[in-house]
Amino acid sequence: MSIIINNSAEEITNQEVLSTHNYNDWNCDYLSDYIIQTHHQYVKNAILQIKPLASEVIELHGTKHSELAIIQSLFKQISNEMILHMKKEELVLFPYFKKLNQAKSDQTSVDRPGFGSVKIPTKVMETEHETAGIMMQRLSKLSNNFTPPDDASNTFRVLYEKLKEFEADLHLHVYLENDILHPKAIALEEVLLAS
Ligand SMILES: [Fe+2]
Ligand SMILES: [Fe+2]
């Protein structure tokens, strides 16, 4: 188990290093690829690790710590919604961002998309981010901000460590999309549709 704890610490350190990137200088194409390879991949891997860990911890501590069942159920809900959400980004939205970027490089125009303007799907994505954030906040509160109780086993501690890391990654992931990628794509589309 100590190996997993060490990995978590390393990932957090990596994330701190990554947050020093100057994301604002990156174009929509590069940012989209970066988010998929870094954050979407992280979410998919973390779900695979956290789900069995939660089942194991409930088996050991579920009777004494009733909050664990709610935490597990909330995490399942967050996971299911995140998987669907990321699929929409990977299959529809990010390819459109890349198309906008390509049109800018080629100095060509783009046809108005079926969804009218990129402002509409980005708004939908931002509402979904908010929903995931609210669920994650509830989870954090239930776990006393991911503080394991005194009687927690090593597995229990690892579960809270992983959930804490999941929340931190979600914050950065949402920040990159809401505050950098979406505004860049909206600005780019406005110029391209006008030309
Ligand atoms: Fe995403
Ligand atoms: Fe997103």
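All of the points below concern the structure found in this document.

Definitions and cut-offs
Residues numbered from 1 in each chain as written. Chains lettered and ligands numbered in written order. Predicted model: local features only at pLDDT ≥ 70, side-chain atom pairs only at ≥ 80, totals over all residues. Heavy atoms only, no water. Axes fitted to C-alpha atoms, helices over the stretch in contact; angles between N-to-C directions. Helix = DSSP H or I, 4+ residues; strand = E, 2+ residues; numbered from the N terminus. Parallel < 35°, antiparallel > 145°, perpendicular 65-115°, else oblique. Left-handed = near helix turned anticlockwise from the far one by under 90°. Nonpolar A, V, L, I, M, F, W, Y, C, P; charged D, E, K, R; others polar. Donors = N, O, S within 2.8 Å, 3.2 Å for Na, K, Ca; no water. Tetrahedral: all angles 85-135°; square planar, octahedral: opposite > 155°, others 65-115°. Buried < 20%, exposed > 50% of the residue type's maximum accessible area, 1.4 Å probe, protein only. 1 Å grid on protein atoms, 1.4 Å probe; cavity = no way out; pocket = protein on both sides within 12 Å on 5 of 7 lines; lining within 4 Å. Points joined across faces, edges and corners; volume = space filled by probe spheres on them. Core = buried A, V, L, I, M, F, W, Y, C linked by side-chain atoms within 4.5 Å. Contact = heavy atoms within 4.5 Å.

Regarding the packing of helix 2 (residues 28–61) against helix 5 (residues 154–194)
Where helix 2 contacts helix 5, the two axes come as close as 9 Å, and the packing angle between them is 155 degrees. By the angle between their axes, helix 2 is roughly antiparallel relative to helix 5. Of the two elements, helix 2 crosses helix 5, and the hand of that crossing is left-handed. Split by residue class, the contact of helix 2 with helix 5 holds 23 nonpolar, seven polar and six charged.

Quick word on the coordination of the iron ion (ligand 1)
Around the iron ion (ligand 1), the donor atoms from the protein are His 40 (NE2), Glu 89 (OE), His 173 (NE2) and Glu 177 (OE), and they sit 2.0 to 2.2 Å away. In this structure, the iron ion (ligand 1) is coordinated by four donor atoms arranged in irregular fashion, with angles at the metal of 87 to 162 degrees. Mapped onto the sequence, the donors of the iron ion (ligand 1) take the spacing H-x48-E-x83-H-x3-E. A distance of 3.2 Å spans the gap from the iron ion (ligand 1) to the iron ion (ligand 2), which Glu 89 bridges by coordinating each metal. In this pair, His 40 is assigned in helix 2 and His 173 in helix 5, connecting sequence segments 133 residues apart. Summarising the burial analysis for this pair, His 40 and His 173 share the class buried.

Details of empty space enclosed by the protein
Using the criterion set out here, one finds one cavity of 30 Å³ or more in the structure. Considered as a void within the structure, the largest cavity measures approximately 30 Å³ in volume. Ile 50, Lys 51, Ala 54, Gln 72 and Phe 75 are the residues that line the largest cavity. Those elements giving two or more residues to the lining of the largest cavity turn out to be helix 2 and helix 3 (67–106). Tallying contributions element by element places helix 2 first for the lining of the largest cavity, with three residues. Residues of the lining of the largest cavity, tallied by class, amount to three nonpolar, one polar and one charged.

Re the environment of Tyr 175
If you trace the backbone, Tyr 175 turns up in helix 5. Residue classification places Tyr 175 among the partly exposed positions, given a relative accessible area of 36%. It is 9.7 Å that separates the C-alpha atoms of Tyr 175 and His 129, two residues lying 46 residues apart in sequence.

Considering the nonpolar core
Counting 29 residues, the largest nonpolar core has Leu 139, Leu 159, Tyr 160, Leu 163 and Phe 166 as the members making the most contacts within it. In this structure Leu 159 touches Ile 50, Leu 53, Ala 54, Val 57 and Leu 68, once residues within four positions along its chain are discounted. If you look at the next biggest cluster of nonpolar residues, it comprises 23 residues, including Leu 31, Leu 172, Leu 176 and Ile 180.

Topic: the coordination of the iron ion (ligand 2)
Between any two of four tetrahedral donors, the ideal angle at the metal is 109.5 degrees; between two of six octahedral donors, it is 90 or 180 degrees. At this site the iron ion (ligand 2) is bound by His 85 (NE2), Glu 89 (OE), His 129 (NE2) and Glu 177 (OE), with donor distances of 2.0 to 2.1 Å. One way to put it: the four donor atoms around the iron ion (ligand 2) meet at angles of 86 to 172 degrees, and that makes the site irregular. Each donor residue of the iron ion (ligand 2) belongs to the same chain, with the gaps between them written as H-x3-E-x39-H-x47-E. For His 85, a relative accessible area of 3% gives the class buried. On the accessibility criterion, His 129 (8% relative accessible area) is buried.

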